[in-house]
Amino acid sequence: MSNETKKDGHFLSWYFKANLLSRIMIALILGIIVGCILGTAPDAASSFVKYSRFFGDLFIRLLKMIVVPVIVFSLITGAASIAPSQLGRVGLKTIIFYLGTSAFAVVIGLILANILQPGTGLNILGEAGAAGKVSESPALSSVLLNIVPTNPVESLAKGDVLPIIFFALVFGVALAIVRDSKNELTAKTADALYHLCSVCADTMYKVVGGIMQYAPVGVFVLIAIVFAQQGPKAVGPLLFVTLTTYIGLILQIVICYGLLLLLFRLGLIKFLKGCYEASITAFVTRSSSGTLPITLRVSEEKLGAPRSVSSFTLPLGATVNMDGTAIYLAVCAMFIGFAIGQPLNMSQQLTVVITATLAAIGTAGVPGAGAIMLLMVLESVGLNVAEGSAVAAAYAMILGIDALLDMGRTSVNVTGDMAGVCIISKSEKVLDMKKW
Ligand code: ASP
């Protein structure tokens with residue numbers, strides 16, 4: 001018996017020891033192959049869909065379970081980590097730069113997706129009656145007004161993402177002010193609350209890590225179902241959405257950072273040469289936070305940014321400034337709309353500008369975090385990721401290639417932070433121009 005258990009343990013450890021990224025990629029490829037084979041035998045395909053759907057739906061439910069706690073804790077922590085004393089001129093410039101470039105990134109993503117229309121013609125269908133069709137998308141004015149919750153607890157319970165984000169940000173900023181209080185006890189207690197939220201955020205990301213262990217199974221089943229119904233014609237759109245995202249990422253660097261740097265008389269090529277170490281590290285680690293030590297060193301040694309600016313700007317950027325993620329969110333939300341034959345209309349796209357910018361702020365600098373935020377953006381435009389729905393199937397396709405998209409977007413996230421530190425230092429006349 002004990003031998004058996006040992007054997008079992010050994011069998012499972014084979015699964016857990018293998019690199020998660022490779023497991024997800026293998027699951028994706030196997031899912032495509034099995035799905036395409038099943039697609040040739042409609043009877044087998046429909047029994048496969050019937051019996052395997054449970055495992056795919058389980059994955060979707062697990063992901064949805066963590067969206068609200070992840071947003072709440074990471075946004076409170078992010079906002080509360082800005083000490084009001086740092087909110088001088090540099091702080092204000094940093095926040096404007098980060099918000100502005102992220103919103104620009106979403107717009108680039110949306111424009112590109114409107115032109116290239118990734119996912120068009122896929123016509124992914126959900127189960128008849130699955131509650132995942134596009135629900136009525138609200139008018140923009142009511143979207144704006146509804147950002148302010150009348151009852152934050154109700155918003156939390158209902159999972160209304162925009163009001164939750166708004167309240168979490170307000171709470172975080174207020175907490176930052178209270179942390180700075182002159183009353184020692186108040187400041188200490190607020191600090192403890194901040195650390196508590198930060199630990200809760202870390203805990204939620206541990207849960208995400210656990211759920212991701214199940215991702216290969218979920219991805220395999222969901223992708224196999226898509227391909228069983230679609231056949232090999234779904235491969236092209238997946239490659240195309242990857243291409244669209246990468247074009248957006250390049251445009252963000254060239255147009256947004258390039259022009260801003262130029263405005264401050266700094267050269268893009270010189271900048272890219274200076275920051276490539278950090279950008280490449282971000283590409284391979286898929287984590288802005290993990291890359292932070294390199295980002296800090298590079299910005300000082302290669303780009304000549306003083307520590308007085310970088311020590312505030314970069315850690316904040318690694319938590320809240322996610323331009324690559326913003327592009328990814330915009331392109332993928334559009335892809336899913338096209339893929340289910342319900343392209344996002346103008347008012348939905350304007351909503352995406354708001355939600356994706358805020359979602360990018362709320363994204364933690366760890367691998368795969370953006371994919372969780374995509375769920376939130378989808379819900380905000382009335383695309384309900386319900387089990388068995390077409391939206392869930394399209395989302396699963398994106399999830400299958402998430403690692404590929406995550407590499408590029410993380411690299412741009414980090415590059416954007418470094419562009420920020422250079423521009424802000426230059427505007428403060430403290431950038432070491434000998435490095436340029
Ligand atoms: N991996 C990204 C980062 O660390 C976040 C994301 O998943 O979008 O910057």
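See the structure above.
Residues numbered from 1 in each chain as written. Predicted model: local features only at pLDDT ≥ 70, side-chain atom pairs only at ≥ 80, totals over all residues. Heavy atoms only, no water.

A. Region of the structure containing the overall build of the chain. The helix and strand tally for the chain stands at 17 helices and 0 strands. The C-alpha radius of gyration computed for the chain amounts to 22 Å, which stays within 12% of the reference 22 Å derived for 436 residues, consistent with globular compactness. Counting only C-alpha atoms, the chain reaches 70 × 60 × 50 Å along its principal axes. Here the chain holds 436 residues, and the buried ones make up 52% of them. Once local pairs closer than 6 in sequence are excluded, the contacts in the chain between residues at least 24 apart make up 85%. Carbon and sulfur atoms form 69% of the exposed surface of the chain, whose accessible area is close to 19100 Å². The positive charge centre, built from 29 side chains, and the negative charge centre, built from 23, are 8 Å apart in the chain. (Helix = DSSP H or I, 4+ residues; strand = E, 2+ residues; numbered from the N terminus. Rg over C-alpha atoms; globule rule 2.2 N^0.38 Å. Buried < 20%, exposed > 50% of the residue type's maximum accessible area, 1.4 Å probe, protein only. Contact = heavy atoms within 4.5 Å. Areas by Shrake-Rupley, 256 points an atom, 1.4 Å probe, with all protein chains shown as cover. Lys, Arg positive; Asp, Glu negative; His and termini not counted. Charge placed at Lys NZ, Arg CZ, Asp CG, Glu CD.)

B. Looking closely at the pattern of salt bridges. Taken as a whole and judged by the stated rule, the model has 13 salt bridges. Close ionic contact of Glu277 with Arg297 constitutes a salt bridge, the shortest N to O distance being 2.6 Å. Placement of the pair is Glu277 in helix α10 (residues 268-285) and Arg297 in helix α11 (residues 288-301), with a sequence separation of 20 residues. Judged by relative accessible area, which is 22%, Glu277 ranks as partly exposed. One salt bridge connects Lys302 with Glu277, and the closest N-O pair in it is separated by 2.7 Å. One end of the pair, Lys302, is in the loop between α11 and α12 (307-320); the other, Glu277, is in helix α10, with 25 residues separating them in the sequence. Taken together, the shared-partner salt bridges in this structure form one network comprising Glu277, Arg297, Glu301 and Lys302. (Salt bridge = Lys/Arg side-chain N within 4 Å of Asp/Glu carboxyl O.)

C. The arrangement of the nonpolar core in detail. Residues Ile336, Leu374 and Tyr395 are the most contacted members of the largest nonpolar core, which totals 127 residues. The greatest single-element share of this core, amounting to 15 residues, is contributed by helix α8 (residues 184-230). Apart from residues no more than four positions distant in its own chain, Ile336 is found in contact with Leu374, Leu378, Leu383, Val391, Ala394, Tyr395 and Ile398. Counting 8 residues, the second largest nonpolar core, distinct from the first, contains Phe48, Val49, Val221 and Ile225. (Core = buried A, V, L, I, M, F, W, Y, C linked by side-chain atoms within 4.5 Å.)

D. Spotlight on the packing of helix α3 (residues 42-80) against helix α16 (residues 390-400). Close contact between α3 and α16 brings their axes to 11 Å; oriented N to C, the two are set at 80 degrees. It follows from the interaxial angle that α3 and α16 lie roughly perpendicular. Packed against α3, whose contacting residues are Phe59, Ile60 and Leu63, the element α16 presents Ala392, Tyr395 and Leu399 at the interface. Across the contact of α3 with α16, the residue classes tally to 6 nonpolar, no polar and no charged. (Axes fitted to C-alpha atoms, helices over the stretch in contact; angles between N-to-C directions. Parallel < 35°, antiparallel > 145°, perpendicular 65-115°, else oblique. Nonpolar A, V, L, I, M, F, W, Y, C, P; charged D, E, K, R; others polar.)

E. Local environment of the packing of aromatic side chains. Counted by the stated rule, this structure contains 4 aromatic pairs. Consider the rings of Phe54 and Phe55, whose centres lie 5.3 Å apart with planes at 90 degrees: the pair is edge-to-face. For Phe54, a relative accessible area of 53% gives the class exposed. On the basis of relative accessibility, which here comes to 39%, the residue Phe55 falls in the partly exposed class. Sitting over the ring of Tyr194, Arg179 keeps its end group 3.8 Å from the ring centre. For Arg409, the ring lying beneath its charged end belongs to Tyr328, and the centroid distance is 4.0 Å. (Phe/Tyr/Trp six-rings, centres within 6.5 Å; stacked < 30°, edge-to-face > 60°. Lys NZ or Arg CZ within 6 Å of the ring centre and 35° of its normal.)

F. Quick peek at α8. When the local axis directions of α8 are compared, the greatest deviation, roughly 45 degrees, occurs at Tyr214, which is followed within four positions by the proline Pro216. Between the side-chain oxygen at the start of α8 and the backbone nitrogen of Leu185 there is a gap of 2.9 Å, and the oxygen is on Asn183. Gly231, located one to two residues past α8, shows a positive phi value of around 80 degrees. (Bend = angle between axes of the 7 residues up to and from the residue. Polar contact = N/O pair within 3.5 Å; in protein donor to acceptor, adjacent residues only side chain to side chain.)

G. Seen up close, the site of the ligand. Near the ligand you find 17 residues, and of these Ser288, Thr325, Gly370, Asp406 and Arg409 are the closest. Residue Arg286 places a main-chain N or O atom 3.0 Å away from a nitrogen atom belonging to the ligand. Between the ligand and the protein, one listed contact pairs an oxygen atom with a side-chain N or O atom of Arg409 at 2.7 Å. Burial of the ligand by the protein chains amounts to 100% of its free accessible area of 270 Å². Of all the cavities here, the one that holds the ligand is the largest cavity. Breaking the shell around the ligand down by element, the ones donating at least two residues are α15 (369-380) and α17 (402-427). Here the element with the most residues in the shell around the ligand is α17; it accounts for 4 residues. In terms of residue class, the shell around the ligand is made up of 5 nonpolar, 9 polar and 3 charged. (Near = heavy atom within 4 Å. 1 Å grid on protein atoms, 1.4 Å probe; cavity = no way out; pocket = protein on both sides within 12 Å on 5 of 7 lines; lining within 4 Å. Sits in = over half its atoms within 2 Å of the grid points.)

H. A look at empty space enclosed by the protein. This structure, assessed with the given rule, holds 2 cavities of 30 Å³ or more. Roughly 60 Å³ of internal volume is contained in the largest cavity. Every residue lining the largest cavity is counted, 14 residues in all, and those nearest its centre are Thr325, Val366, Asp406, Thr410 and Asn413. The set of elements that each furnish at least two residues to the lining of the largest cavity consists of α15 and α17. (Points joined across faces, edges and corners; volume = space filled by probe spheres on them.)

Read these as spatial facts, not as claims about activity.
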